[in-house]
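# Examining the three-dimensional arrangement
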Amino acid sequence: DEQPSLPSAFYSVSESPTLNKSDFTPSPTDTLRSHYVKGEGLEGDHIGKINKHNPYNMHELHILGLKGNPVVVMLSLIIAWTVVLVAVLQQDLFFDNAAEAKRWMTHHFTWLFIGAQNMWIVFVAYIWLSPRYYHLKLGSADQEPEYNTVTWFMMMFGMAGTGTGLIYYGVGEPIYHLGYNRYLARGYLSYDQISQEAINLSYYHWGIHAWLCYTVVGICLGVTSNRMGLPLTMRSCFFPILGNMVFGIVGDLIDVMAIVTTVFAICTSMGIGAIQINTGIAELTSSIDKSVLVQIVIIALITLMAGMSAHAGLRKGVRVLSIISFGVLTTLMFATLLADDTAFLLNLLVQSIGYHLHRIVDLGFHTDAFEQLGMDVDGKGGPGVWMDWWTVFYWGWWV
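Here is a short report on the structure shown in this document. (Residues numbered from 1 in each chain as written. Predicted model: local features only at pLDDT ≥ 70, side-chain atom pairs only at ≥ 80, totals over all residues. Heavy atoms only, no water.)

## Brief notes about the overall build of the protein
Rules: Secondary structure follows DSSP: runs of H or I at least 4 residues long count as helices, runs of E at least 2 residues long count as strands, and numbering of each begins at the N terminus. Relative accessibility thresholds used throughout: buried, under 20% of the residue-type maximum; exposed, over 50%; partly exposed, between the two (1.4 Å probe, protein chains only). In this description, accessible areas are obtained by the Shrake-Rupley approach with a 1.4 Å probe, and a residue is regarded as covered only by the protein chains that are shown.
Helix and strand counts for the protein come out as 13 helices and two strands. Taken across its 399 residues, the protein has 31% of its residues classed as buried. With an accessible surface of roughly 24,600 Å², the protein has 69% of that area assigned to carbon and sulfur atoms.

Structure, rendered in structure tokens:
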């Protein structure tokens, strides 16, 4: 029966207004924005005093019809450009220090990378299976999905890094693991067993553990934005924990970190993708060499096409490109299945899925604790750098 209170940071007045219970019923279908901006359920002099341009009292400016947060923008630009300039002007120094920092993170925080991925699985499983939450929509209760499940599936797998990731590493990673992986097996595993482990490691890096971090962020943003009416930014995900602090400098720092890390992750994808494309073209034709200049041109073209797609909107841009891309990927997959030894590939698919389900808990919690000690007493230990090169790199990239 306690009267619900709303954050004072949403108002341009010093005190939070009093709410009428009859006007405001806290239910999943209500949004904070509808009450804060429209003034519904507010009493007396507070009606009409809400800042409709900035109902959250964040550090926003409105110029020429555009709005932005100068603190977030400037800090993000300063950090990003500082890293870019150092990477360009001091390439060897930057690479050596970045590699050393990653090795340090792997040595001290492998447990966190591995443990966090598994905690997210437990969290999402709880949300999915809980009678209290499983039916909750990420949009309002009366909204229907803008696209059907098939279209959403194609947009995920047709655009979400499948070129740089699944297509390339789907072939390259198992082959690499055949010769060098954590189960290097100096004498006590057969080649068939090593082959199965190589495929299983690829399933691990591109399976449920890889996708769960995206799922958690999607749930947080969907609930806080569409259900609670908060801004569609990363700071809103911390509102249930930090409260009104997310609308001040603390929230600005959260958004800055989110922007900077996202930019660096996209740079990783773009850089790896450009190298892959350049290498493939150089193999097909001798007129184009593998060089930094060619890779810069490739990145510029990809950026231009991505910008055009974003400008066209979700329906005419991303959706159309995703359908085309997914069609090409599906054609390539079935062409490979039918042109190669189809029976073997189907046998391997069924066997690998079963093997992965059997090993997923053990593999998902494995941190290479003994391998990272570097004490190869019997000469049969796995490589101590493997975790740094692969799993921790992947989890850092995905997150």
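## So, the packing of helix 6 (residues 191-206) against helix 13 (residues 391-398)
The angle between the axes and the distance between the axes are what describe a pair of packed helices. Note the cut-off: Axis geometry follows a simple rule: fit a line to the C-alpha atoms, using only the stretch in contact for helices, then measure angles between N-to-C directions, giving values from 0 to 180 degrees. Roughly parallel means an angle under 35 degrees; roughly antiparallel, over 145; roughly perpendicular, 65 to 115; everything else is oblique. By definition, turning the near helix anticlockwise from the far helix through less than a right angle yields a left-handed crossing, and turning it clockwise yields a right-handed one. Should any heavy atoms of two residues lie within 4.5 Å, those residues are considered in contact. Note on residue classes: Ala, Val, Leu, Ile, Met, Phe, Trp, Tyr, Cys and Pro are nonpolar, Asp, Glu, Lys and Arg are charged, and everything else, Gly too, is polar.
Orientation of helix 6 relative to helix 13, taken along the N-to-C sense of each, is 20 degrees, at an axis distance of 10 Å. Taken together, the axes of helix 6 and helix 13 are roughly parallel relative to one another. The crossing of helix 6 and helix 13 is right-handed. Taken together, the residues of helix 13 that come into contact with helix 6 (itself represented by Y204, H205 and W206) are T391, Y394, W395 and W398. Taken together, the residues that form the contact of helix 6 with helix 13 break down as five nonpolar, two polar and no charged.

## Points about the nonpolar core
Generally speaking, a soluble globular protein has its nonpolar side chains buried in company with each other. Threshold: The criterion is simple. A nonpolar core is a set of buried Ala, Val, Leu, Ile, Met, Phe, Trp, Tyr and Cys residues joined through side-chain atoms within 4.5 Å.
Core analysis: the biggest nonpolar cluster contains 19 residues, and Y169, Y394, W395, W397 and W398 have the highest contact counts within it. Listed by contribution, the elements that provide at least two residues to this core are helix 6, helix 7 (208-227), helix 9 (249-284), helix 12 (386-389) and helix 13. Ranked by size, the runner-up nonpolar core spans five residues in total, among them M58, L230, V246 and F247.

## Examining the layout of surface pockets
Filter applied, for reference: Here a cavity denotes grid points, spaced 1 Å and computed from the protein atoms alone, that fit a 1.4 Å probe unable to get out, and a pocket denotes an open set having protein on both sides within 12 Å along at least 5 of 7 lines; residues with an atom within 4 Å of a point are the lining. Grid points are joined across faces, edges and corners, and a volume is the space filled by probe spheres set on the points.
In this structure, the second largest pocket encloses a volume near 1,600 Å³. At the level of elements, helix 4 (149-159), helix 5 (163-179), helix 6, helix 10 (292-339) and helix 11 (342-365) are the ones that each hand at least two residues to the lining of the second largest pocket. With nine residues, helix 11 is the single largest residue contributor to the lining of the second largest pocket. Looking at the lining of the second largest pocket residue by residue, the class counts come to 23 nonpolar, eight polar and no charged.

## Topic: the pattern of salt bridges
For clarity, the threshold we go by: Salt bridges are defined as contacts in which a side-chain nitrogen from Lys or Arg sits within 4 Å of a carboxyl oxygen from Asp or Glu.
One pass over the full model with this rule turns up seven salt bridges. Linking D252 and R235 is a salt bridge whose minimum nitrogen-to-oxygen distance equals 2.5 Å. With D252 in helix 9 and R235 in the loop between helix 7 and helix 8 (239-242), the pair connects residues that are 17 residues apart, well separated along the chain. Just as D252 is buried, R235 falls in that class too. One salt-bridge network, in which partners are shared between bridges, spans E197, R359 and D362.

## Quick word on a nonpolar patch on the surface
Rules: Patches here are clusters of residues that have more than 30% relative accessible area and form no salt bridge, with a 9 Å joining cutoff for like charges and a 5 Å cutoff for nonpolar side chains (Val, Leu, Ile, Met, Phe, Trp, Tyr).
A cluster of nonpolar side chains, V73, M74, L77, I78, W81, V84, L85, V88 and L89, forms an exposed patch at the surface whose accessible area comes to about 890 Å². Take V88: it is sitting in helix 2 (residues 70-89).

## Here's the deal with the side chain of S309
Mapping S309 onto the fold places it in helix 10. Excluding residues within four positions of it along the chain, S309 makes contact with G317, V318 and L321.

## Examining the side chain of E197
With respect to the secondary-structure elements, E197 resides in helix 6. Ignoring anything within four residues of it in the chain, the contact list for E197 reads Y183, Y355 and R359.

These figures come from the coordinates and say nothing about function on their own.
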